[in-house]
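Residue strings, one per chain:
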Amino acid sequence: MQFDTIILGAGAAGLMCAAHSGGRTVVLDHAKAAGEKIRISGGGRCNFTNMYAGPDNFVSTNPHFCKSALKRYTQWDFIDLIARYGIAYHEKTLGQLFCDKSAKDVVAMLLSEMDKVGAQLRLNTHIKSISHTGTEFVVETEAHGANKTLTAANLVLATGGKSIPKMGATGLAYDIARQFGLPVIDTRAGLVPFTFSDGQFTALAGTALPVRATANGQSFDEAMLFTHRGLSGPAMLQISSYWQQGQPIAINLFPDSDPFDALRSRRQTDGRRYLSTVLGYLLPAKVADLIATDLKLTGNLADQSDIALRAICDHLTNWTLHPTGTEGYRTAEVTLGGIDTDALSSKTMEAKSVPGLYAIGEAVDVTGWLGGFNFQWAWSSGWAAGTAI
Ligand code: FDA
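Analysis parameters
Residues numbered from 1 in each chain as written. Predicted model: local features only at pLDDT ≥ 70, side-chain atom pairs only at ≥ 80, totals over all residues. Heavy atoms only, no water. Pairing = 2+ DSSP bridges. Helix = DSSP H or I, 4+ residues; strand = E, 2+ residues; numbered from the N terminus. Near = heavy atom within 4 Å. Polar contact = N/O pair within 3.5 Å; in protein donor to acceptor, adjacent residues only side chain to side chain. Areas by Shrake-Rupley, 256 points an atom, 1.4 Å probe, with all protein chains shown as cover. Nonpolar A, V, L, I, M, F, W, Y, C, P; charged D, E, K, R; others polar. UniProt positions renumbered as here; feature names shortened; annotations may be inferred. Salt bridge = Lys/Arg side-chain N within 4 Å of Asp/Glu carboxyl O. Buried < 20%, exposed > 50% of the residue type's maximum accessible area, 1.4 Å probe, protein only. Axes fitted to C-alpha atoms, helices over the stretch in contact; angles between N-to-C directions. Phe/Tyr/Trp six-rings, centres within 6.5 Å; stacked < 30°, edge-to-face > 60°. Lys NZ or Arg CZ within 6 Å of the ring centre and 35° of its normal. Left-handed = near helix turned anticlockwise from the far one by under 90°. Contact = heavy atoms within 4.5 Å.

**Some words on the sheet that holds strand 15 (residues 230-232)**
Read from one edge to the other, the open sheet built from 7 strands follows the order 17-16-13-14-15-12-18, with strand pairing classed as antiparallel. Each edge of the open sheet is held by one strand with a lone partner, namely strand 17 (319-321) and strand 18 (325-326). Where strand 16 (residues 249-252) lies against strand 17, 3 bridges are found, and the strand directions are antiparallel. Each bridged residue has a counterpart across the sheet, and for Ala250 the counterpart in strand 17 is Thr320.

**Considerations on the site of the ligand**
The local shell around the ligand holds 29 residues, among which Ala13, Asp29, Thr170, Glu362 and Phe375 are the closest. Contact between the ligand and Asn374: an oxygen atom at 3.4 Å from a main-chain N or O atom of the residue. Phe375 places a main-chain nitrogen or oxygen 2.8 Å from an oxygen atom of the ligand. The fraction of the free accessible surface of the ligand (1,000 Å²) that becomes covered by protein chains is 91%. Listing elements by their share of the shell around the ligand, those giving two or more residues are helix 1 (12-20), helix 2 (36-44) and helix 12 (373-388). Grouping the amino acids of the shell around the ligand by side-chain chemistry returns 12 nonpolar, 13 polar and 4 charged.

**Describing the UniProt feature "domain: RsdA/BaiN/AoA(So)-like insert" (unreviewed entry) in the protein chain**
Under the local residue numbering, the UniProt record ascribes the feature "domain: RsdA/BaiN/AoA(So)-like insert" (unreviewed entry) to residues 188-334. The span residues 188-334 is 33% helix and 24% strand, and its two end C-alpha atoms sit 9 Å from each other.

**So, the UniProt feature "domain: RsdA/BaiN/AoA(So)-like Rossmann fold-like" (unreviewed entry) in the protein chain**
Under the UniProt annotation, the feature "domain: RsdA/BaiN/AoA(So)-like Rossmann fold-like" (unreviewed entry) is placed at residues 4-387. A distance of 14 Å separates the end C-alpha atoms of residues 4-387, which is 31% helix and 24% strand.

**Some points on the pattern of salt bridges**
Evaluated as defined, the whole model comprises 13 salt bridges. The shortest N-O distance in the salt bridge between Arg310 and Asp258 comes to 3.6 Å. Remark: Asp258 occurs in the loop between strand 16 and helix 8 (259-269) and Arg310 occurs in helix 11 (residues 306-317); sequence separation between them is 52 residues. For Asp258, a relative accessible area of 33% puts it in the partly exposed group. For the salt bridge of Arg266 with Asp270, the shortest nitrogen-to-oxygen distance reads 3.2 Å. Arg266 gets classed as partly exposed once you look at its relative accessible area, which sits at 27%. Members of the salt-bridge network, linked through shared partners, are Arg264, Arg267 and Asp306.

**Notes on the sheet that holds strand 3 (residues 47-50)**
Pairing within the open sheet is antiparallel, and its 3 strands lie in the order 3-6-5. Since the sheet does not close on itself, it has two edges, and those belong to strand 3 and strand 5 (89-91), each with one partner. This sheet shows a mean twist of 30 degrees between the axes of neighbouring strands, independent of strand direction. Both strand 3 and strand 6 (residues 96-99) contribute to a ladder of 3 bridges, which runs antiparallel. What sits directly across from Asn47, in strand 6, is Phe98.

**Let's talk about the packing of aromatic side chains**
If you walk through the whole model with that rule in mind, you get 15 aromatic pairs. Ring plane angle 85 degrees and centroid distance 5.7 Å describe the contact between Phe48 and Tyr89, whose orientation is recorded as edge-to-face. Placement of the pair is Phe48 in strand 3 and Tyr89 in strand 5, with a sequence separation of 41 residues. Overall, Phe48 belongs to the buried group, its relative accessible area being 0%. Taking the centre distance of 6.3 Å and the plane angle of 65 degrees together, the rings of Phe65 and Trp377 count as edge-to-face. Residue Phe65 is found in the loop between strand 4 (58-59) and helix 3 (67-72), and its partner Trp377 is found in helix 12; the two are separated by 312 residues along the sequence. Overall, Phe65 belongs to the buried group, its relative accessible area being 4%. Take Trp377: its relative accessible area is 2%, and that puts it in the buried class. Here a set of aromatic residues connected by ring pairs shows up, and it is made of Phe48, Phe78, Tyr89, Phe375 and Trp379. The cationic tip of Lys92 hangs over the ring face of Phe98; the distance from NZ or CZ to the ring centre is 4.7 Å. It is Arg310 that lies over the ring of Phe260; its NZ or CZ is 4.1 Å from the centre.

**A word on the packing of helix 1 against helix 12**
Put simply, helix 1 and helix 12 touch, their axes get as near as 7 Å, and they point 35 degrees apart. Pair helix 1 / helix 12 crosses with right-handed handedness. Only Phe375, Ala378, Trp379, Gly382, Trp383, Ala385, Gly386 and Thr387 of helix 12 make contact with helix 1, whose side of the interface consists of Ala12, Ala13, Met16, Cys17 and His20. Here the residues of the contact of helix 1 with helix 12 sort into 9 nonpolar, 4 polar and no charged.

**As for the pairing of strand 6**
Side-chain alternation along strand 6 places Gln96 and Phe98 on one buried face and Leu97 and Cys99 on a second face that is also buried. Alignment of strand 5 against strand 6, held across 3 bridges, turns out to be antiparallel. Of the residues in strand 6, the one forming a bridge with Glu91 is Leu97. Here strand 5 folds back onto strand 6, and the loop between the two strands holds 4 residues, one of which, Leu94, carries a positive phi near 45 degrees.

Here's what the structure looks like:
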């Protein structure tokens, strides 16, 4: 069957692109339903954008690449669309916007926008091969009869990254990119919990506290959560996108105040108490116990000189941890790396060397922070390609 545009992937970026592309458009996906990651995102409420979204909230080999699309289709454009559909939303924290009711409203909105321009959606469609005749892309599917072979002048790669293979994530976009000579930046799991050896934190599982997490020169002030396998929570997910295997992570357990002042004044009031007990007044008790064991702290607070207290505080504000790894694609919210932005136009997302081939969304080497930024990239890049086609 002949189309003008074939979009591979009915996720956030693919649906957005379809809603804006002119001509005869078809979206193909091997899943049973469109927008499955939208549906489960934000605990079923979809953190669909961030009021403060800007280029600084993205990780990419070329940090400038995302600027054009983000500027031309902004968070306010998407908020406007949400408002036009009467979808109620609220700010949870740090500019993160969530649906009041259900993420399904966002999927329904995108499908309705697609309908308006007459774009078709074909689910349960397995892609067997892609080729190019010189003028057209040919997509062979496992369907039967007239639906089996589809041709179009434009092919949009919107099959996302490798995160959560159980939900149908595959590396198809990378394979097709390579087939057409586009380089792919090595991929790895992002926004993912850390693992540690020996069940180091098992006894603390479920404990959360605010921290500043630092790796590779980047810091995040957010909550950290101890888990049976290691460390999670927003601070850890955020820093995982900057961390490289083998590197340490520095944790400041007192991101908002200097514990030295607190311990010194406690020395006046609680000098006869064990140092570990007093630490338990300033930190969750289990965390204080762990630190006290780590530092082999003994004796009363009154026994500690200023120099000794300063050394303890240096540890509390620069607790150096060595993760063994991350939970990987199994639980990662995103995939870092992907189709090299050098090979794409930042204005249209079209491959510079292959006219008619486009790449959008998570498949591209642009990865957002936690907090609605990844969907904003999907909307902005999907819009950029859709309106250019
Ligand atoms: P996306 O993954 O959405 O879509 C790709 C589509 O391609 C899928 O429908 C898939 O079935 C299809 N596909 C893949 N391989 C295929 C193949 N071989 N053949 C045919 N079809 C194929 N972001 C955010 O901003 N706010 C949030 O609240 C969350 N929450 C969140 C929770 C969880 C649990 C996860 C895993 C992720 C998030 N994210 C998020 C990240 C966000 O979901 C993600 O960045 C976007 O969905 C990416 O959009 P894409 O359209 O690029 O890929």
